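# Architecture and fold: a report
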Amino acid sequence: MERFETIGIIGAGAWGSALALVAARAGKKAILWGRDAETVASVNAGTGNPRYLPGIAFKEAVSATTDLAEAARANLLLLVTPAQTLRAILRDLAPLVAEGTPVVLCAKGIERATGRLMSEVLAEELPQARPAALSGPSFASDVAKGLPTAVTVASPDGALADAIADGLSTPAFRPYAATDLIGVEIGGALKNVLAIAAGAVAGARLGKSAEAALIARGFAEIRRFSRNRRAEPETLMGLSGLGDLMLTCSSVQSRNYAFGIRIGEGAAVADLLAEGCPLAEGAMTAPVARDLARVEAIDMPITEVVAEIVEGSLALDAAIDRLMRRPLKREEA
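Okay, so let's go over this structure. (Residues numbered from 1 in each chain as written. Predicted model: local features only at pLDDT ≥ 70, side-chain atom pairs only at ≥ 80, totals over all residues. Heavy atoms only, no water.)

## Section: the overall build of the chain
When helices and strands are counted, the chain shows 16 helices and eight strands. Relative to the globule expectation of 20 Å for 333 residues, the C-alpha radius of gyration of the chain, 19 Å, shows essentially globular dimensions. Projecting the C-alpha coordinates of the chain onto the three principal axes gives extents of approximately 55 × 40 × 35 Å. Considering the chain as a whole, with its 333 residues, one finds that 55% of them fall into the buried category. (Helix = DSSP H or I, 4+ residues; strand = E, 2+ residues; numbered from the N terminus. Rg over C-alpha atoms; globule rule 2.2 N^0.38 Å. Buried < 20%, exposed > 50% of the residue type's maximum accessible area, 1.4 Å probe, protein only.)

Pasting the structure below:
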């Protein structure tokens, strides 16, 4: 099995820092890249990342750097930058990454400008990389604290998926290998859209019955979208599908769920999307997922209303009314 002695983590936010700790706990040399010199200095001083993981000490040896080339020389790269900025960082990495380097996509989303999945963006901008993705029910703070967590690591190359899972495995972090890269990406991207909807239902105090119904019908939308992309049905029943959906749609630790709660409570979407506010990736993904569904003739009514809500063209009350007035049909249709 392929072994990875050095792991470069591109992105020093909460999730990137947590994954750097995972790599260090797995006995690897972890090199964390970030733009913010203050964060890099704090990590190197052993005081952790107070900006994104306040109160969590870094007991493991993590080396941080602002030099992208230093991190890019690692045997394995984890890309943990936001989905909408992935293409830009890949262009910076292109002349630095060696042929055949495994690159694990850890951001969840669909590129708004092109409708591309993250693996498709990777193929266009960094064709020399071997693609993989990491997804599943995981909050950065839980992982950083060493709480038990299980995720999926997917690559079309099953041996590579096995090797990455083995390389990141610790007593508290359990990766399961898979080969359905597209299915894992779709589950990770679309669950953020549904988390906004679930949060809005919770914030508007519409009841747990409504919330459960919305999650179930939203899951049916993800299944339709995935089936149209020839993803494996079993993928969505696993950690990166149903598991991640359950977590993201049930906790205020989820930025997308918290974003939806604020909408349900009456906050203006424009204010929630203002610069400096926590990033809710589902707000970026919803409109492009809606547009792709229309082109591919996929029925995704919940995704439709979330897209219109974040675009400011539909009020929450009108969205609920539209969904409840849809023609009756058989559930398995």
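That covers the picture; the talk isn't over yet.
## Observations regarding helix 9 (residues 208-228)
Here helix 9 is 21 residues long and its end C-alpha atoms lie 30 Å apart, about the 30 Å a rise of 1.5 Å per residue gives. Listed as buried for helix 9 are Glu211, Leu214, Gly218, Phe219, Ala220, Glu221, Ile222, Arg224, Phe225 and Ser226. Where helix 9 terminates, the next one or two residues include Arg230, which has phi positive at roughly 60 degrees. (Expected span 1.5 Å × (residues − 1).)

## Some words on the nonpolar core
Counting residues in each nonpolar core, the largest one holds 45 residues, and the members touching the most others are Ile110, Leu190, Phe225, Phe259, Ile263, Val306 and Ile309. Elements with a contribution of two residues or more to this core: helix 8 (181-203), helix 9, helix 12 (255-264), helix 13 (269-272), helix 14 (281-295), helix 15 (301-311) and helix 16 (316-324). In terms of residue count, the dominant contributor to this core is helix 8 (eleven residues). If you look at the next biggest cluster of nonpolar residues, it comprises 38 residues, including Ile7, Leu78, Val143 and Leu160. (Core = buried A, V, L, I, M, F, W, Y, C linked by side-chain atoms within 4.5 Å.)

## Here we look at the packing of helix 9 against helix 15
At a minimum axis separation of 8 Å, helix 9 and helix 15 run at an interaxial angle of 100 degrees. As the angle between them shows, helix 9 and helix 15 are arranged roughly perpendicular. Across the interface between the two elements, Leu214, Arg217, Gly218, Glu221 and Arg224 of helix 9 pack against Pro301, Ile302 and Thr303 of helix 15. Counted by class, the contact of helix 9 with helix 15 contains three nonpolar, two polar and three charged residues. (Axes fitted to C-alpha atoms, helices over the stretch in contact; angles between N-to-C directions. Parallel < 35°, antiparallel > 145°, perpendicular 65-115°, else oblique. Contact = heavy atoms within 4.5 Å. Nonpolar A, V, L, I, M, F, W, Y, C, P; charged D, E, K, R; others polar.)

## Comments concerning the environment of Gly260
Positionally, Gly260 belongs in helix 12. It is 7.1 Å that separates the C-alpha atoms of Gly260 and Ala195, two residues lying 65 residues apart in sequence. Not counting chain neighbours up to four residues away, the residues in contact with Gly260 comprise Ile196, Gly199 and Ala200.

## Considering the pattern of salt bridges
Where charged atoms of side chains with opposite charge meet at close range, the side chains can pair. In total, this model carries 20 salt bridges according to the counting rule given. Across the pair Asp321 and Arg325 runs a salt bridge whose closest N-O atoms are separated by 2.8 Å. Overall, the relative accessible area of 39% leaves Asp321 in the partly exposed class. Counted as one network, the salt bridges with shared partners bring together Arg87, Arg91, Glu111, Arg116, Glu124 and Glu125. (Salt bridge = Lys/Arg side-chain N within 4 Å of Asp/Glu carboxyl O.)

## Notes on the environment of Gly187
Tracing the sequence through the fold places Gly187 in helix 8. The sequence separation of Gly187 and Met237 amounts to 50 residues, and the corresponding C-alpha distance is 9.7 Å. If near-sequence neighbours (up to four positions away) are discounted, Gly187 is found in contact with Ile222, Leu236 and Ser240.

## Observations concerning the sheet that holds strand 3 (residues 62-65)
Pairing is mixed across the open sheet formed by eight strands, whose spatial order is 3-2-1-4-5-6-7-8. The sheet is open, and its two borders are formed by strand 3 and strand 8 (173-178), each paired with just one other strand. Taken pair by pair, the neighbouring strands of this sheet meet at an average axis angle of 25 degrees, ignoring direction. Alignment of strand 1 (residues 6-10) against strand 2 (residues 29-33), held across five bridges, turns out to be parallel. Bridge assignment links Thr6 to a residue of strand 2, and that residue is Lys29. Of the strands in this sheet, strand 1, strand 2, strand 3, strand 4 (76-79), strand 6 (130-135) and strand 8 touch helix 1 (residues 14-25), which is tilted by about 165 degrees from strand 2. Seen against the sheet, helix 8 touches strand 5 (102-105), strand 6 and strand 7 (149-154) and runs at an angle of roughly 40 degrees to strand 6. (Pairing = 2+ DSSP bridges.)

The quantities given are spatial measurements derived from coordinates; they are silent on function.
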